[in-house]
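One letter stands for each residue in the lines below.
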Amino acid sequence: MVQHQLRGYLKIMDDCSFRVSQFDMLSGSDVHWWGALAPDFDNVTRGFIISDQKLNQTYANSTLVVRLLQNVTWDMIHVLAVWDRPTASDFGHVVLGELTNATENGVHTEPTMFENCKVLSKDLRVRWSLNVKEDSIEIGLEGATGVMNYMAFGWANPNATDSELMVGADVAVTGFKEDGLPFVDDFFITKYSECVTNSEDGSAQGVCPDSIYEGPDRVGLVNDTRLIYGQRRDGVSFIRYKRPLSQVDSKYDHPVDHLANMTVIWALGKIRPPDTLQPYYLPQNHGGLPFETFGHLVLNVSAHVNDCIGPLDAQDKEDFSIQAGHDVALYVTSDPIGGNATLRNLTETIYAGGPVAEGVQASPTELVWAPDRNTPDHVYYHSLYEKKMGWRVEVVDGGLSDMYNNSVVLDDQQVTFFWTLSKDSISIAARAEKKSGYLAVGFGSGMIYSYAYVGWIDDNGVGRVNTYWIDGKDASSIHLTHENLTYVRCKTENGIITLEFTRPLQPSCGRGNRPECKNIIDPTTPLKVVWAMGARWSNEHLSERNMHSFTSSRPILVLLMRGSSEAEQDLLPVLAVHGFMMFLAWGILLPGGILAARYLKHFRGDGWYKIHVYLQYSGLAIVLLALLFAVAELRGFVVSSAHVKFGIAAIFLACVQPVNASLRPQKQANGEQAPFKRVLWEYSHIIIGRSAIVVGIAALFSGMKHLGDRYGVENVHGLNWALVIWFTVGALTVLYLEYREKQLKRDRIFGRSNWVLGNLEEDESLDLLSPTRRPADKESQVSTRMEVQLEPLNR
């Protein structure tokens, strides 16, 4: 068997005929009995037809008697093959010279042939040959299953009930590794679960290999199955292995009584490759329905049975091979002729392969190529050096989910949006989930001020996709643009419209005056997507009849890089409270506390200090409370936006101030120079406080920008201007107070104050950082009050 599941027994009848029995084969296009001098590719290709009988159908356990042509004799045939002429394909062959190595009974069998066969399910068969003398049985598992799936077969615990057949079962698990090599392992089942190893003592439970039990020592445990042969053809896996009948491990293997009726179990499913924790190929949960992906039956291996009628035919023949030879390089091309090493056809597109894509069966080369949505329906595989050595590959479109890397469902569950990002472009598709005359998707917060892509079928039945800039609510506000769209498609099936196109991320016109020049897609920022559907669209002369009848309720934020989406939400009330509290703190309380410390010291007593402390602590408490509101509502936050970064920095600086105040050094005595520690503390306290206010104000403005970007609040610009006016008034007030302070200082210096005679208390209005300041702690200074007695002048 080379391909097409060919299998059968050949017997030469006489000089001019032969018989084939139990013959299985999937149909081809123009298949013949073929003769060749040797089994290599060149000789088989140069072979010849040996019989008039054609094989253009599927054969199921058939018996054929074939007569040779009159001019053909056996000495001309060293290889008898089944050959498909249009595809130059060898379905299978027999090398007649090797038949001298026949077995004792004169029958030479290939690894795919057995004495018995039993159908387990529509996708799985078990074949076996018994050898009682050698105390062994050879088993072949044949399944139409995925290349990374396992096939399992074995004997159940003889003492188990029908509902617990898996637990205590002795099974062989077979499959193919990532490199395509077959494997078989002896498993024992202790639990209905995948194999789990205890990290403390190394013990295992579940569906595990025999060799993993008994902890890390593994003393006396062996794999009683031995691989003989494995192949994968046309989507069908076949593995042959051998196991003893009675001489088995008594703890984790069951002896097979070849004369008794015994219960066997089987399963198909996904397999997990080895990793750093489990160095084995481990079967995963088979899932599915009974007798489709798992099952059991009573089997007597001595009873002859063959109910496998016909070949297995996999629905998904995903893997195929092309046999060439040395110095025959393969490539996949748009040219039906091939042989382009001399650049014969400069217009062809080469999709895969090249000079290094060559090999033979003994040393194959794996050529991996994945078509995409832009691949033509037909491409060709050829030799790079010779013309017409290959043929056609039909490329069938899968579903949109297969053709695009990402997809999300837009608002109201009526439109599905697909996309694939590349370096400089994005491929987009949209599919409606209800019948309509056209489908439109727009990039923007609504249809107004958005870029719309409209797909429809015109009067000639041709799918069209046009782009528009929309700046109003009537038909005259829909302006046709000329974006650089490629690979444009639009089709309808049962009234369901699907549109597709590819466009550059940056418009080719740069930042010109045309509307489409500003339609830039930045993959790092969320793309706002809306949709609409209607009864009719036309290429020109749009009117009110072209207006939509169904539309999305709100935009969906599509995260292009992540491959996900999130609904654009209305402004949450808690977040509105968060913003107001932050404005109250950073716009009123905290700046007010600073102003009190700066400009209220000329009043008697320590009122300025109390105002300063109360306002600062109140503002800090409100800041922390507002932060908790936002974190609780958003279930955490990501430090990515400028608003969050500014906010964290401002809160950190604000929290540093109370700590800084608690470390304040003692002030100097009256008349003494301030110590260095005190001066350093005053500078740090003032600088940190003022820096906190500046960063806090930046957080307020960035928060307003975040509000507009995320929630599309319409009056965000008005709120920004209100903030600007508020802080401008505050800045002008500070400038006026600074001017007043300078005036007061000048008046004191030139003696123009209205001090009460003898009031030598220090002036608390002096700046802490002023080099002419005087001590402010009344309790620490010595009284210098002077009493003067005034007497009336009677004279």
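Residues numbered from 1 in each chain as written. Predicted model: local features only at pLDDT ≥ 70, side-chain atom pairs only at ≥ 80, totals over all residues. Heavy atoms only, no water.

With respect to the overall build of the protein chain
Part 1 of the reasoning: Each helix and strand counted, the protein chain has seven helices and 38 strands in total.
Part 2 of the reasoning: Out of the 795 residues belonging to the protein chain, those deemed buried represent 41%.
Part 3 of the reasoning: Considering only residue pairs separated by 6 or more positions, the protein chain has 58% of its internal contacts joining residues 24 or more positions apart.
Part 4 of the reasoning: Accessible surface for the protein chain amounts to roughly 44,200 Å². Of this, 55% is attributable to carbon and sulfur atoms. (Helix = DSSP H or I, 4+ residues; strand = E, 2+ residues; numbered from the N terminus. Buried < 20%, exposed > 50% of the residue type's maximum accessible area, 1.4 Å probe, protein only. Contact = heavy atoms within 4.5 Å. Areas by Shrake-Rupley, 256 points an atom, 1.4 Å probe, with all protein chains shown as cover.)

Comments concerning the sheet that holds strand 23 (residues 350-353)
Part 1 of the reasoning: Reading across the sheet, the four strands line up as 23-22-24-25 and stay open at both edges, with antiparallel pairing between neighbours. Each end of this open sheet is capped by a strand with a single partner; those strands are strand 23 and strand 25 (391-394). Neighbouring strand axes in the sheet, compared pairwise and without regard to direction, differ in orientation by 25° on average.
Part 2 of the reasoning: Pairing between strand 24 (residues 378-383) and strand 25: four bridges, direction antiparallel. If you follow His-378 over to strand 25, its bridge partner there is Glu-394. (Pairing = 2+ DSSP bridges. Axes fitted to C-alpha atoms, helices over the stretch in contact; angles between N-to-C directions.)

Points about the state of the cysteines
Part 1 of the reasoning: All chains considered together, the criterion is met by two disulfides.
Part 2 of the reasoning: Shown here is the disulfide that connects Cys-117 with Cys-308, its sulfur atoms set 1.8 Å apart. Residues Cys-117 and Cys-308 are joined through a disulfide that is left-handed, its torsion about the S-S bond being -85°. Taken as a pair, Cys-117 in strand 8 (residues 116-121) and Cys-308 in the loop between strand 21 (294-299) and strand 22 (330-333) lie far apart in primary sequence, 191 residues in all.
Part 3 of the reasoning: Classification of Cys-308 as buried rests on a relative accessible area of 4%.
Part 4 of the reasoning: Across the disulfide from Cys-195 sits Cys-208; the S-S distance is 2.0 Å. Its torsion about the S-S bond being 110°, the disulfide of Cys-195 and Cys-208 is classed as right-handed. Of this pair, Cys-195 sits in the loop between strand 13 (182-189) and strand 14 (196-197) while Cys-208 is found in strand 16 (residues 207-209), placing the two residues 13 residues apart along the sequence.
Part 5 of the reasoning: For Cys-208, a relative accessible area of 0% puts it in the buried group. (Disulfide = S-S within 2.5 Å.)

Looking at the packing of helix 3 (residues 573-599) against helix 7 (residues 716-749)
Part 1 of the reasoning: It is the contact of helix 3 with helix 7, at a shortest axis distance of 12 Å, that shows an interaxial angle of 0°. It follows from the interaxial angle that helix 3 and helix 7 lie roughly parallel. Along the contact surface, helix 3 presents Phe-583, Trp-586, Gly-587, Ile-588, Leu-595, Arg-598 and Tyr-599, while helix 7 presents Leu-723, Trp-726, Phe-727, Val-734, Leu-737, Glu-738 and Glu-741. (Parallel < 35°, antiparallel > 145°, perpendicular 65-115°, else oblique.)

Structural notes on the pattern of salt bridges
Part 1 of the reasoning: A full pass over the atoms with the stated rule returns 15 salt bridges.
Part 2 of the reasoning: Salt-bridge contacts for Lys-122 lead to Asp-123; the nearest nitrogen and oxygen are separated by 3.0 Å.
Part 3 of the reasoning: Assessed through its relative accessible area of 63%, Lys-122 is described here as exposed.
Part 4 of the reasoning: Among the ionic pairs, Asp-458 bridges to Arg-464, the shortest N-O distance being 3.6 Å.
Part 5 of the reasoning: Judged by relative accessible area, Asp-458 falls into the buried class, the value being 18%.
Part 6 of the reasoning: Since its relative accessible area comes to 27%, Arg-464 is described here as partly exposed.
Part 7 of the reasoning: The network of salt bridges with shared partners includes Arg-7, Arg-127 and Glu-142. (Salt bridge = Lys/Arg side-chain N within 4 Å of Asp/Glu carboxyl O.)

Observations concerning the pairing of strand 10 (residues 136-143)
Part 1 of the reasoning: Burial within strand 10 is extensive, with seven of its eight residues counted as buried.
Part 2 of the reasoning: Where strand 9 (residues 124-131) meets strand 10, eight bridges bridge the pair, whose relative direction is antiparallel. What sits directly across from Asn-131, in strand 10, is Ser-136.
Part 3 of the reasoning: Connecting strand 9 to the antiparallel partner strand 10 that follows it, the hairpin turn spans four residues, and Asp-135 within it adopts a positive phi of roughly 55°.
Part 4 of the reasoning: In this structure, strand 10 lies alongside strand 18 (residues 236-244), joined through eight bridges in antiparallel fashion. Bridged to Ser-136 within strand 18 is Pro-244.

Focus: a nonpolar patch on the surface
Part 1 of the reasoning: On the surface, Val-577, Leu-625, Leu-628 and Phe-629 cluster together into a nonpolar patch covering about 330 Å² of accessible area.
Part 2 of the reasoning: Sort the elements by how many residues they give to the nonpolar patch and helix 4 (residues 607-634) lands first, with three residues.
Part 3 of the reasoning: Among the residues examined, Leu-625 registers a relative accessible area of 39% and is labelled partly exposed. (Patch = residues over 30% accessible without salt bridge, like charges linked within 9 Å, V, L, I, M, F, W, Y side chains within 5 Å.)

Things to note about helix 7
Part 1 of the reasoning: Its 34 residues give helix 7 an end-to-end C-alpha distance of 50 Å, which sits within 8% of 50 Å, the value for a rise of 1.5 Å per residue.
Part 2 of the reasoning: Of all the residues in helix 7, the buried ones are Val-716, Leu-723, Phe-727 and Glu-741. (Expected span 1.5 Å × (residues − 1).)

What to know about the sheet that holds strand 28 (residues 425-432)
Part 1 of the reasoning: If you walk across this open sheet you meet the five strands as 26-27-28-34-33, and the pairing is antiparallel. Each of the sheet's edge strands pairs with one partner strand only, and the pair in question is strand 26 (406-409) and strand 33 (486-493). Here the average twist between neighbouring strands, direction ignored, is 15°.

A few points about the nonpolar core
Part 1 of the reasoning: Of all hydrophobic cores here, the largest spans 28 residues; its most connected members are Leu-410, Val-415, Phe-417, Trp-419, Leu-439, Phe-443 and Val-558.
Part 2 of the reasoning: Put simply, the parts of the chain that give this core at least two residues each are strand 27 (415-421), strand 28, strand 29 (438-443), strand 34 (496-504), strand 35 (527-534) and strand 37 (556-559). (Core = buried A, V, L, I, M, F, W, Y, C linked by side-chain atoms within 4.5 Å.)

Brief notes about the environment of Asn-149
Part 1 of the reasoning: In this fold, Asn-149 is placed in strand 11 (residues 149-155).
Part 2 of the reasoning: Sequence separation of Asn-149 and Arg-272 is 123 residues, and the distance between their C-alpha atoms is 8.8 Å.
Part 3 of the reasoning: Not counting residues within four places of it along the chain, the set of residues in contact with Asn-149 comprises Thr-174, Gly-175, Gly-269, Lys-270 and Ile-271.
Part 4 of the reasoning: Of note is the side chain of Asn-149, whose polar atom sits 2.8 Å from the side chain of Thr-145. (Polar contact = N/O pair within 3.5 Å; in protein donor to acceptor, adjacent residues only side chain to side chain.)

Notes on the packing of aromatic side chains
Part 1 of the reasoning: Overall, the coordinates contain 25 aromatic pairs when judged by the stated rule.
Part 2 of the reasoning: Taking the centre distance of 5.3 Å and the plane angle of 50° together, the rings of Phe-23 and Tyr-59 count as tilted. Of the two residues, Phe-23 sits in strand 2 (residues 17-25) while Tyr-59 sits in strand 5 (residues 59-67), which places them 36 residues apart along the sequence. For the pair Phe-23 and Tyr-59, one class covers both residues: buried.
Part 3 of the reasoning: One aromatic cluster is present, formed by Phe-18, Phe-23, Trp-33, Tyr-59 and Trp-74 through successive ring pairs.
Part 4 of the reasoning: Above the plane of the ring of Phe-114 lies Arg-240, whose end atom (NZ or CZ) is 3.8 Å from the centre. (Phe/Tyr/Trp six-rings, centres within 6.5 Å; stacked < 30°, edge-to-face > 60°. Lys NZ or Arg CZ within 6 Å of the ring centre and 35° of its normal.)

Observations concerning helix 3
Part 1 of the reasoning: For helix 3, spanning 27 residues, the distance from its first C-alpha to its last is 37 Å, which sits close to the expected 39 Å at 1.5 Å a residue.
Part 2 of the reasoning: A maximum bend of about 30° is found in helix 3 at Ala-585. (Bend = angle between axes of the 7 residues up to and from the residue.)

Topic: the pairing of strand 1 (residues 7-14)
Part 1 of the reasoning: Here six bridges tie strand 1 to strand 2, and the two strands are oriented antiparallel to one another. Within strand 2, the position partnered with Arg-7 by the bridge is Asp-24.
Part 2 of the reasoning: Counting the residues that bridge the hairpin from strand 1 to strand 2 gives two residues.

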